[in-house]
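Descriptive analysis of the structure
As a plain string of letters, each chain reads:
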Amino acid sequence: MCEYCGCQSITAIKELTREHDMVVAMIGDVRGAHAAGDVSRQAELARRIAAVLGPHTHVEEHGLFPLLADDFPDHVAALEAEHRHIEAVLGAASAGTPSDPGWPGELMETLDLLRDHILKEQDGVFPAALTTLGGADWDSVDAVRTEVGSRLPAMGDSTG
């Protein structure tokens, strides 16, 4: 987690970062399952990652990103496109273990993208938001979080 810019003092960013940390931990678990050739476990973990990213992405796309889109339109569009790709690959496991033999490799490539995506948000979007947004803006992001809730397990419960 980044600590250098002070953005963690903002509740919305702190929650988004907590979700990133959970996802990064689960990515490590997927890597282990992939190395073991356990496609069923990879699919289970893909569903868990998707469950964390669902509300997380909603908060970003309906709370944070619209507030930044005027100043950073290309960055916001690129992040949203990455969201769609990540959702599609994770979503392939929504009903069980995908039968496509190429899916585990595609999942690993997508999780590499997701890890880079998280770094873009934590090292770019969040510090930019800290310097760009004001109190009323953060209140609107918090309102979106309240709409979706925080249906997340405790930080240490990534393998549940």
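Here the structure is a predicted model, which means the values were calculated and not measured. (Residues numbered from 1 in each chain as written. Predicted model: local features only at pLDDT ≥ 70, side-chain atom pairs only at ≥ 80, totals over all residues. Heavy atoms only, no water.)

1. Focus on the packing of helix 2 (residues 39-68) against helix 4 (residues 103-132)
One can describe the packing of helix 2 onto helix 4 by two numbers: an axis separation of 12 Å at closest approach and a directional angle of 25 degrees. In terms of axis orientation, helix 2 runs roughly parallel to helix 4. Here the hand of the crossing between helix 2 and helix 4 comes out left-handed. Residues V39, Q42, A43, A46, I49, L53, H56, E60, L64, F65 and L68 of helix 2 form the contact with helix 4, whose participating residues are W103, P104, L107, M108, L111, L114, E121, V125, F126, A129 and T132. In the contact of helix 2 with helix 4, the residues fall into 17 nonpolar, 3 polar and 2 charged. (Axes fitted to C-alpha atoms, helices over the stretch in contact; angles between N-to-C directions. Helix = DSSP H or I, 4+ residues; strand = E, 2+ residues; numbered from the N terminus. Parallel < 35°, antiparallel > 145°, perpendicular 65-115°, else oblique. Left-handed = near helix turned anticlockwise from the far one by under 90°. Contact = heavy atoms within 4.5 Å. Nonpolar A, V, L, I, M, F, W, Y, C, P; charged D, E, K, R; others polar.)

2. As for the layout of surface pockets
When its volume is computed, the largest pocket comes out at roughly 170 Å³. Lining the largest pocket are F65, L68, F72, H75, V76, A78, L79, E82, K120, G124, V125 and A128. At 5 residues, helix 3 (residues 73-91) tops the list of elements feeding residues into the lining of the largest pocket. The residue inventory of the lining of the largest pocket, partitioned by class, reads 8 nonpolar, 2 polar and 2 charged. (1 Å grid on protein atoms, 1.4 Å probe; cavity = no way out; pocket = protein on both sides within 12 Å on 5 of 7 lines; lining within 4 Å. Points joined across faces, edges and corners; volume = space filled by probe spheres on them.)

3. Brief notes about the packing of helix 2 against helix 5 (residues 135-148)
It is at 9 Å that the axes of helix 2 and helix 5 come closest, and there the two elements cross at 155 degrees. Here helix 2 is positioned roughly antiparallel relative to helix 5, judged by the angle of their axes. Our pair here, helix 2 against helix 5, has a crossing hand that is right-handed. Of the residues in helix 5, those in contact with P55, H58, V59, H62, G63, L64 and L67 of helix 2 are D137, W138, S140, V141, V144, R145, E147 and V148. Tallied by class, the residues present in the contact of helix 2 with helix 5 amount to 8 nonpolar, 4 polar and 3 charged.

4. Structural notes on the nonpolar core
Counting residues in hydrophobic clusters, the biggest one holds 21 residues, and the most contacted among them are V23, I49, L90, L107, L111 and L114. Looking at this core, the elements that each hand over two or more residues are helix 1 (11-35), helix 2, helix 3 and helix 4. Excluding anything up to four places from it in sequence, L114 contacts V23, I27, I49, L53 and I86. If you look at the next biggest cluster of nonpolar residues, it comprises 18 residues, including L16, V76, F126 and L133. (Core = buried A, V, L, I, M, F, W, Y, C linked by side-chain atoms within 4.5 Å. Buried < 20%, exposed > 50% of the residue type's maximum accessible area, 1.4 Å probe, protein only.)

5. Structural notes on the environment of H85
Tracing the backbone shows H85 in helix 3. Beyond its immediate sequence surroundings of up to four residues, H85 is in contact with E106, T110 and L113.

6. A look at helix 5
Taking 1.5 Å per residue as the helical rise, helix 5 with its 14 residues ought to reach 20 Å, and the 20 Å between its terminal C-alpha atoms agrees with that figure. The complete set of buried residues in helix 5 reads W138, V141, V144, R145 and V148. Looking down the long axis of helix 5, one finds its buried residues gathered within 110 degrees of arc, a one-sided arrangement. Relative to its buried face, helix 5 has exposed residues pointing more than 90 degrees away, namely A136, D139, T146 and E147. Looking at the packing, one finds that the buried side of helix 5 touches helix 1, helix 2 and helix 4. (Expected span 1.5 Å × (residues − 1). Arc of directions from axis to C-beta.)

7. As for the confidence of the model for the protein
Residues with a pLDDT of 70 or more make up 88% of the protein, whose mean pLDDT is 90. In this model residues 153-160 is a low-confidence stretch, pLDDT under 50, and it forms 17 contacts with partners more than four residues away in sequence or in other chains. (pLDDT = per-residue confidence, 0-100.)

8. Observations regarding helix 2
Along an α-helix, residues three or four positions apart point the same way, because every turn accommodates 3.6 residues. Taking 1.5 Å per residue, 30 residues should reach 44 Å; helix 2 reaches only 38 Å between its end C-alpha atoms and comes up short. Taken as a whole, helix 2 carries its principal kink of about 35 degrees at E60. (Bend = angle between axes of the 7 residues up to and from the residue.)

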